[in-house]
Structures are given as structure tokens and as C-alpha cells.
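These are the residues of each chain, in order.
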Amino acid sequence: MNTDRRAKENFLVFGSPLICDAEIQEVAAIMKTGWLGTGPKVAQFEKDVAAYKSSPHAVALNSCTAALHLSIIAAGIEAGDEVITTPMTFCATVNAIIHAGATPVLADVDPITMNIDPNRIESKITPRTKALLPVHFAGRPCDMDAICDIAQKYNLKLIEDCAHAIETEYHGRKMGTFGDYGCLSFYVTKNVATGEGGMVLARQPEDAARIKILGLHGMSKDAWNRFGDEGYKHYQVVECGFKYNMMDLQAAIGIHQLARVDQNWKKRQMIWNQYNAAFKDLPITTPAEDAPDTRHAYHLYTVLIDKERTGISRDTFLDRMTKRNIGVGVHYMSIPEHPYYQQKYGWKPEDYPCAMKIGRQTVSLPISAKLTMSDVNDVVLAIDEILNGE
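Residues numbered from 1 in each chain as written. Predicted model: local features only at pLDDT ≥ 70, side-chain atom pairs only at ≥ 80, totals over all residues. Heavy atoms only, no water.

1. Let's talk about the overall build of the protein
This is how the line gets drawn: Each helix corresponds to a stretch of at least 4 residues labelled H or I by DSSP, and each strand to a stretch of at least 2 residues labelled E; elements are numbered beginning at the N terminus. It is over C-alpha atoms that the radius of gyration is taken, and the globule rule equals 2.2 Å times the number of residues to the power 0.38. Think of it in three bands: residues with accessible area under 20% of the maximum for their type are buried, residues over 50% are exposed, and the middle band is partly exposed, with areas taken using a 1.4 Å probe on protein chains only. In what follows, residue pairs with any heavy atoms lying within 4.5 Å of each other are defined as contacts. Only the protein chains shown count as covering a residue, and every accessible area follows the Shrake-Rupley method with a 1.4 Å probe. Under the counting rule used here, the positive set is Lys and Arg, the negative set is Asp and Glu, and His together with the chain ends is not counted. To locate a charge, take NZ of a lysine, CZ of an arginine, CG of an aspartate or CD of a glutamate.
Along the protein, the regular secondary structure elements total 15 helices and 12 strands. A compact globule built from 390 residues would reach a C-alpha radius of gyration of about 21 Å, and the protein, at 21 Å, matches this within 12%. Viewed in the frame of its principal axes, the protein has a C-alpha envelope of about 70 × 55 × 40 Å. Within the protein, the fraction of its 390 residues that count as buried is 55%. When contacts within the protein are restricted to residue pairs at least 6 apart in sequence, those whose partners lie at least 24 apart make up 73%. Accessible surface, the protein as shown: approximately 16,900 Å² in total, 51% of it carbon and sulfur. Of the side chains in the protein, 41 bear a positive and 47 a negative charge, and the two mean positions are spaced by 2 Å.

2. Some thoughts on helix α12 (residues 314–323)
R314, F317, L318, R320 and M321 are the residues of α12 that are buried. Next to the buried residues of α12 lie α14 (353–361), β12 (362–365) and α15 (373–387). Positive phi appears at N325, one or two residues downstream of α12, with a value of about 65 degrees.

3. Focus: the sheet that holds strand β7 (residues 173–174)
Hydrogen bonds along the backbone pair up the strands of a sheet, which may run parallel or antiparallel. We count it as follows: Strand pairing follows a simple DSSP-based rule, namely that at least 2 bridges must link the two strands.
Across the sheet, which stays open at both edges, the 3 strands sit in the order β7-β6-β10 with antiparallel pairing between neighbours. Only two strands of the sheet have a single neighbouring strand rather than two, namely β7 and β10 (294–295). In terms of strand pairing, strand β6 (residues 169–170) meets β7 through 2 bridges, oriented antiparallel. Within β7, the position partnered with Y170 by the bridge is R173.

4. Overview of the side chain of T85
Along the chain, the position of T85 falls in strand β2 (residues 82–85). For T85, the contacting residues outside a window of four places in its chain are T93, V94, I97, V105, L106, A107, I116, L133 and V135.

5. Notes on the nonpolar core
Rules: As used here, the term nonpolar core means buried Ala, Val, Leu, Ile, Met, Phe, Trp, Tyr and Cys residues forming a set that is joined through side-chain atoms within 4.5 Å.
Among the nonpolar cores identified, the biggest contains 37 residues, and F45, I121, L132 and F186 are the most heavily contacted of them. Where this core is concerned, the elements lending two or more residues are α2 (40–53), β1 (57–61), α6 (144–153), β9 (198–202) and α9 (248–259). Among the elements that make up this core, the one with the highest residue count is α2 (5 residues). For L132, the contacting residues outside a window of four places in its chain are I84, I121, I147, I150, A151, L156, K157, L158 and I159. Membership of the second largest hydrophobic core comes to 29 residues, among which are L68, I77, A208 and L214.

6. Focus: the packing of helix α3 (residues 64–74) against helix α4 (residues 91–99)
The condition is simple: Lines are fitted to the C-alpha atoms to define the axes, a helix being fitted only along its stretch in contact, and any angle between axes, read from their N-to-C directions, falls within 0 to 180 degrees. If you view the pair so one helix is near and one far, a crossing is left-handed when the near helix is turned anticlockwise from the far one by less than a right angle, and right-handed when it is turned clockwise. Any residue that is not Ala, Val, Leu, Ile, Met, Phe, Trp, Tyr, Cys, Pro, Asp, Glu, Lys or Arg is counted as polar, Gly included; the first ten are nonpolar and the last four charged.
With their axes 8 Å apart at the nearest point, α3 and α4 run at an angle of 40 degrees to one another. In this structure, the crossing between α3 and α4 has a hand that is right-handed. Where α3 approaches α4, its residues T65, L68, H69 and I72 are matched on the opposing element by A92, T93, A96, I97 and H99. Here the residues of the contact of α3 with α4 are counted per class, giving 5 nonpolar, 4 polar and no charged.

7. Comments concerning the pattern of salt bridges
Worth spelling out the cut-off: Salt bridge, as applied in this entry: a Lys or Arg side-chain nitrogen positioned within 4 Å of an Asp or Glu carboxyl oxygen.
The final tally for this structure, using the stated rule, is 15 salt bridges. K212 serves as the salt-bridge partner of E46, at 3.1 Å between the closest nitrogen and oxygen. One end of the pair, E46, is in helix α2; the other, K212, is in helix α7 (residues 205–214), with 166 residues separating them in the sequence. Residue K212 is classed as partly exposed on the basis of its relative accessible area, which comes to 39%.

8. Brief notes about the sheet that holds β9
Across the sheet, 7 strands lie side by side as β1-β9-β8-β5-β4-β2-β3; this open sheet has mixed pairing. Two strands in the sheet have a free side with no partner beyond their single neighbour: β1 and β3 (103–106). In this sheet, neighbouring strand axes are inclined to one another by 25 degrees on average, regardless of whether the strands run parallel or antiparallel. The pairing of β1 with β9 spans 5 bridges and is antiparallel. By the bridge assignment, A58 is partnered in β9 with L201. Set on the sheet, α6 makes contact with β4 (129–133) and β5 (157–161); between it and β5 the angle comes to about 150 degrees.

9. Looking at the packing of helix α1 (residues 21–33) against α9
Here is the rule we go by: Angles are sorted into four bins: roughly parallel if under 35 degrees, roughly antiparallel if over 145, roughly perpendicular if 65 to 115, and oblique for all others.
Relative orientation of the contacting elements α1 and α9 amounts to 150 degrees, with a least axis distance of 9 Å. Classified by the angle between their axes, α1 and α9 sit roughly antiparallel to one another. Here α1 and α9 pass one another in a crossing that is right-handed. Two secondary-structure elements touch here, α1 through A22, E23, E26, V27, I30 and M31 and α9 through L249, A252, I253, H256 and Q257. In terms of residue class, the contact of α1 with α9 is made up of 7 nonpolar, 2 polar and 2 charged.

Structure representation (C-alpha cells):
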């Protein structure tokens, strides 16, 4: 069997962002001013994101991991406290809980939506539970009615991981505005990309103010305020903070990425629909239909490769796609698959069977606004050939 047949001429990079002249010119202008660190562009980006998300407060940071970490601290979570989250997520979600000194607790996912199953959350609640941390996987909103009801019933803080979900809506509300905190990612593969970057949406002004201080060493003034044209401002260290601030260089990119967020979303929606039509008769599981009165961000297009149906394993499928110069991803192996968490918490994949099955079968296909129709056709052709044994 020739598994290299009809390979693309150039490798299609998975998740490559669409960068336009507006970002490039903005970054060049920033370089000329010499103001590379946290300054006016960060402030503008925070304002723009807060307006887009209809959030009263937004604090820019250097990653979504930092956003999660500081949100957990601002929520008053301490050593010995428990935070319930999903096993179907990137390790940063769980690591942020650990870095804050708390204990992560996993509740399995719904096998169709791949989001945390509210029916499994309550069985995990103990007197030590202090917060819920749902992840809007792939850009699909979690069942926020049920999750908010649980948080209210047990007086729990609610921290939303919106790394995949900047455009996502649930019953007319933007994700990140249901909880006490919403955490966004602007990593290079995200729908709004700054290379590295993150942001916290906060309900309360005191939480936003504290997160801003914690994100820059615990200092009472940021660099822009200390070194601005109004003269030097003395600062005081009021907490033991972290080096988590965003730079103007990053924000300069983000301002223009955000301006095209809906335009890029429509492009990904079109690709999503093309994939659905192309794969409907193939022996693979495609994403579930969007729930009523919601908006999916279309961040990840994930298919499940079941060897019993396809005749090949997921990892063989990955290899054959790569040989055809198609970049693919795995989002994600479930958290209990990783040795560190097995050793530290005694977690076993089989204790979270839905996440385990998804993690062992899932493949993420390219779905970037940068893709051309030729790229999409190459992806479809490659999958058709692989599944037909060509």
C-alpha cells in the first residue's frame, strides 16, 4: 500500500494563524516608539476585549495559564481546597489549580459534547470543594444553566476556561461572563492570536485590580504608570506576585486580530460545514450538532477514529495524514493518561471512561481562517484516501 500518494507539495501547518498587514504595521510602529512592555496598547486591548465580551473588567496577562492561576488565587482558593474540572483539557487547566496550592478533582465528560458532565459534578463535591472550573472544549459551550445552578447551590466560585471560546455564546451571553472569572487564551493557534497571551474577565472591580497587581510582581504601579510622561511614580510591593504581564508588542497584534474575529469565525464556520458534508458517509465520528440558542466558536474540528470502524488506529491515521503533508493535532489525551498525575493523585484513565475513549480516538483537523479552499480539499482528499485504503 502506498500511503504517501497525493501528498501536498507544502506541509499544511496545523493551527497557523492568519496574520495581516494591519498587525505587522502596528508592531513595526510599536518598535519605533521603543515602548515594548506593558503600556497603552495593552490598555486598549483590555478595553476592546471587555467591550466584545460585554464584561465590566478585563486584565491582560502573558498566557491563559496565568489567567487561570491568578483567578484561582483571587477566588480565595487555598491549600487543601478542591477545584472540580474536566479530564478532557490541556494540562494547564489542572496545573493552574496545583500551582495555586489547591487540589484538582476530575468529573468525567459527556461523550457527545466532550464537555464536563454536570450530572457527574455533584458526586465529586465534598466539604473541601471551593470552585468549579469548566472548560468550553473546542469552542462548544458547557451546560451553563446546570453548572451555574450547582455553583449557586453549593456556594462555589465559578472560573471559566475559555481558551477555545472567545466567540462562544450560550443563550445570548458570551462565555467568560457566567462565572466570577473568565480566562481567555491568545496563544498562536487560538482564534485571536498574539503569539502568547491571555486575559481574565472579572465581575468585581476589586478582583480585577488584584489580578492586575498579582500579574506584575505584586507592585502597586505598572511600568507605564511608573515611567510615563507625567514623571516617575514610586511603587510599593503589596503582594508576592508573579511576572505575568502582557507586552504592548503582543497587544498590538491582538487589537487587529480581535477586529477581524467575526470575519474569521465565518470562515471557520464555512470550513466546518464543508467538513461535515464531506465526512457524513465516512466511518468516523464527527462533532455533535450545535446546541439550540448557542454559538460554537469552531475552534477545533475533532473526529474520532475507532479502529473497529475504520480498520486503522488513531495513531496510524495521524502518521498517514502527516505523510501527506497535512498537519493534525490531538486534543487531548485525557489528563489521567499522563504519568505525573497518575503518580501524584493515583488517577487512572479507566476511572474516567468517556474522556479516556475520546482521548484515545480523537484527531483535530486544520480549521484556521488562513486555510484556502485548496487546503480544505487537500484535507478531505487525504482522509478519503486513508479511509479507503489508498
